[in-house]
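One-letter residues, chain by chain:
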Amino acid sequence: MSIYLGVNIDHIATLREARGTTYPSPLEASLICEKSGADSITIHLREDRRHIQDKDVEEIKEIIKTKMNLEMAATDEMIKIASQISPKDCCLVPEKREELTTEGGLNVFSQLPRMKEVCAQLDENNIRVSLFIDADKKQIDAAMSCGVPVIEIHTGHYAEAVSPAERELKYNEIKEACKYAHNLGLQVNAGHGLTLDNTIAIAKIDSIVELNIGHSIISRAVFVGLANATNEMKTLMLEARGI
């Protein structure tokens, strides 16, 4: 079974916004990633617009040849934008103004009525919805209740583990969660904190369809170029699957 790579290009926009310039271009980055093995382009339009801007969403959706995965909070503003832009995929994520990056999975279980409503609204606009959740059966069951076809398992706790024992524990939790979700009929994606050093084990979990990776690819690109960094990660993932 193959495995797909979604490249998150948010931090191309972070670099641009640091100086308030028109460069580097997230659109140009998206096209380079596509040509270098990316199967989709992931962008997070945050409420505070700290990196990706509305115009970026419009331009990337219009030009890319693969597909856009729009990460967003479950707010009325974002639902309206997504409905107007109509990306192929939307991934609902938790969002806090003070965080540096997404710190954990969305707690679907605790806000089930609202999440069902949001998922239904996006589905009505022919947008495939995924939910970014922790490796927790309770959250997977809640996602099933929302009627979504896809979940994305948060791998950050595994990636940030400080000891081999903790990493093994978090890895096994992810592996079991992926198997559980797959058996329920959900497409299972995964991402957050994945690097060239820790992705192989995750890519070997055969129930995972797609990995969404951003920060490590963009960071690596500083030294080897974006095309090489994208191709490196895609090759590593395929080799992990024996492809």
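Residues numbered from 1 in each chain as written. Predicted model: local features only at pLDDT ≥ 70, side-chain atom pairs only at ≥ 80, totals over all residues. Heavy atoms only, no water.

Attention now moves to the overall build of the protein. When helices and strands are counted, the protein shows 11 helices and eight strands. Relative to the compact-globule value of 18 Å for 243 residues, the protein shows a C-alpha radius of gyration of 17 Å, a close match. The dimensions of the protein, computed from C-alpha atoms along their principal axes, are 45 × 40 × 35 Å. Going through the 243 residues of the protein one by one, you find that 51% of them count as buried. Across the protein, every contact between residues at least 6 apart in sequence was considered, and the portion connecting residues at least 24 apart equals 67%. Surface exposure of the protein reaches about 11,400 Å², of which carbon and sulfur atoms provide 50%. Distance from the positive charge centre (27 side chains) to the negative charge centre (37 side chains) of the protein: 2 Å. (Helix = DSSP H or I, 4+ residues; strand = E, 2+ residues; numbered from the N terminus. Rg over C-alpha atoms; globule rule 2.2 N^0.38 Å. Buried < 20%, exposed > 50% of the residue type's maximum accessible area, 1.4 Å probe, protein only. Contact = heavy atoms within 4.5 Å. Areas by Shrake-Rupley, 256 points an atom, 1.4 Å probe, with all protein chains shown as cover. Lys, Arg positive; Asp, Glu negative; His and termini not counted. Charge placed at Lys NZ, Arg CZ, Asp CG, Glu CD.)

Its volume calculated, the second largest pocket comes out at about 190 Å³. Every residue along the wall of the second largest pocket is listed here: His11, Ile12, Leu15, Pro24, His215, Ile218, Ser219, Ala221, Val222 and Leu226. Going through the elements one at a time, helix H1 (10-19) and helix H10 (215-224) are the ones with two or more residues in the lining of the second largest pocket. A per-element tally of the lining of the second largest pocket places H10 first, with five residues. For the lining of the second largest pocket, a count of residues per class yields seven nonpolar, three polar and no charged. (1 Å grid on protein atoms, 1.4 Å probe; cavity = no way out; pocket = protein on both sides within 12 Å on 5 of 7 lines; lining within 4 Å. Points joined across faces, edges and corners; volume = space filled by probe spheres on them. Nonpolar A, V, L, I, M, F, W, Y, C, P; charged D, E, K, R; others polar.)

Another point: helix H2 (residues 26-35). Along H2, the residues that are buried comprise Pro26, Leu27, Ala29, Ser30, Cys33 and Glu34. An end-on view of H2 places all buried positions within 160° of arc, on one side of the element. Capping of H2 at its N-terminal end is provided by Ser25; its side-chain oxygen lies 3.2 Å from the backbone amide nitrogen of Leu27. Residue Gly37 follows H2 closely and has a positive phi angle near 120°. (Arc of directions from axis to C-beta. Polar contact = N/O pair within 3.5 Å; in protein donor to acceptor, adjacent residues only side chain to side chain.)

What follows is about the packing of aromatic side chains. On inspection of all chains with the given rule, the structure shows one aromatic pair. Measuring from centroid to centroid gives 5.9 Å for Tyr158 and Tyr171, while their planes differ by 45°, and the two rings are tilted. Of this pair, Tyr158 sits in helix H7 (residues 156-159) while Tyr171 sits in helix H8 (residues 164-183), and the two are 13 residues apart along the sequence. No difference in accessibility class separates Tyr158 from Tyr171, as the two residues are buried. In this arrangement the basic side chain of Arg167 is found over the ring face of Tyr158, its NZ or CZ atom lying 5.2 Å from the centre. (Phe/Tyr/Trp six-rings, centres within 6.5 Å; stacked < 30°, edge-to-face > 60°. Lys NZ or Arg CZ within 6 Å of the ring centre and 35° of its normal.)

So, on to the sheet that holds strand S2 (residues 40-44). Pairing between the strands of a sheet comes from backbone hydrogen bonds, and it takes one of two forms, parallel or antiparallel. Reading around the barrel, the eight strands line up as S1-S2-S3-S4-S5-S6-S7-S8 and close back on themselves, with parallel pairing between neighbours. The sheet shows a mean angle of 25° between the axes of neighbouring strands, taken without regard to direction. In the packing of H8 onto the sheet, the strands contacted are strand S6 (150-154), strand S7 (187-191) and strand S8 (208-213), and the crossing angle to S6 comes to about 175°. (Pairing = 2+ DSSP bridges. Axes fitted to C-alpha atoms, helices over the stretch in contact; angles between N-to-C directions.)

At their nearest, the axes of helix H6 (residues 137-145) and H8 sit 10 Å apart, and the two run at 25° to each other. The angle between the axes of H6 and H8 places the two elements in the roughly parallel class. The way H6 lies across H8 gives a crossing that is right-handed. Counting all contacts with H6, which are made through Lys137, Ile140 and Asp141, the residues of H8 involved are Ala177, Tyr180 and Ala181. Each residue belonging to the contact of H6 with H8 can be placed in one class, and the counts come to four nonpolar, no polar and two charged. (Parallel < 35°, antiparallel > 145°, perpendicular 65-115°, else oblique. Left-handed = near helix turned anticlockwise from the far one by under 90°.)

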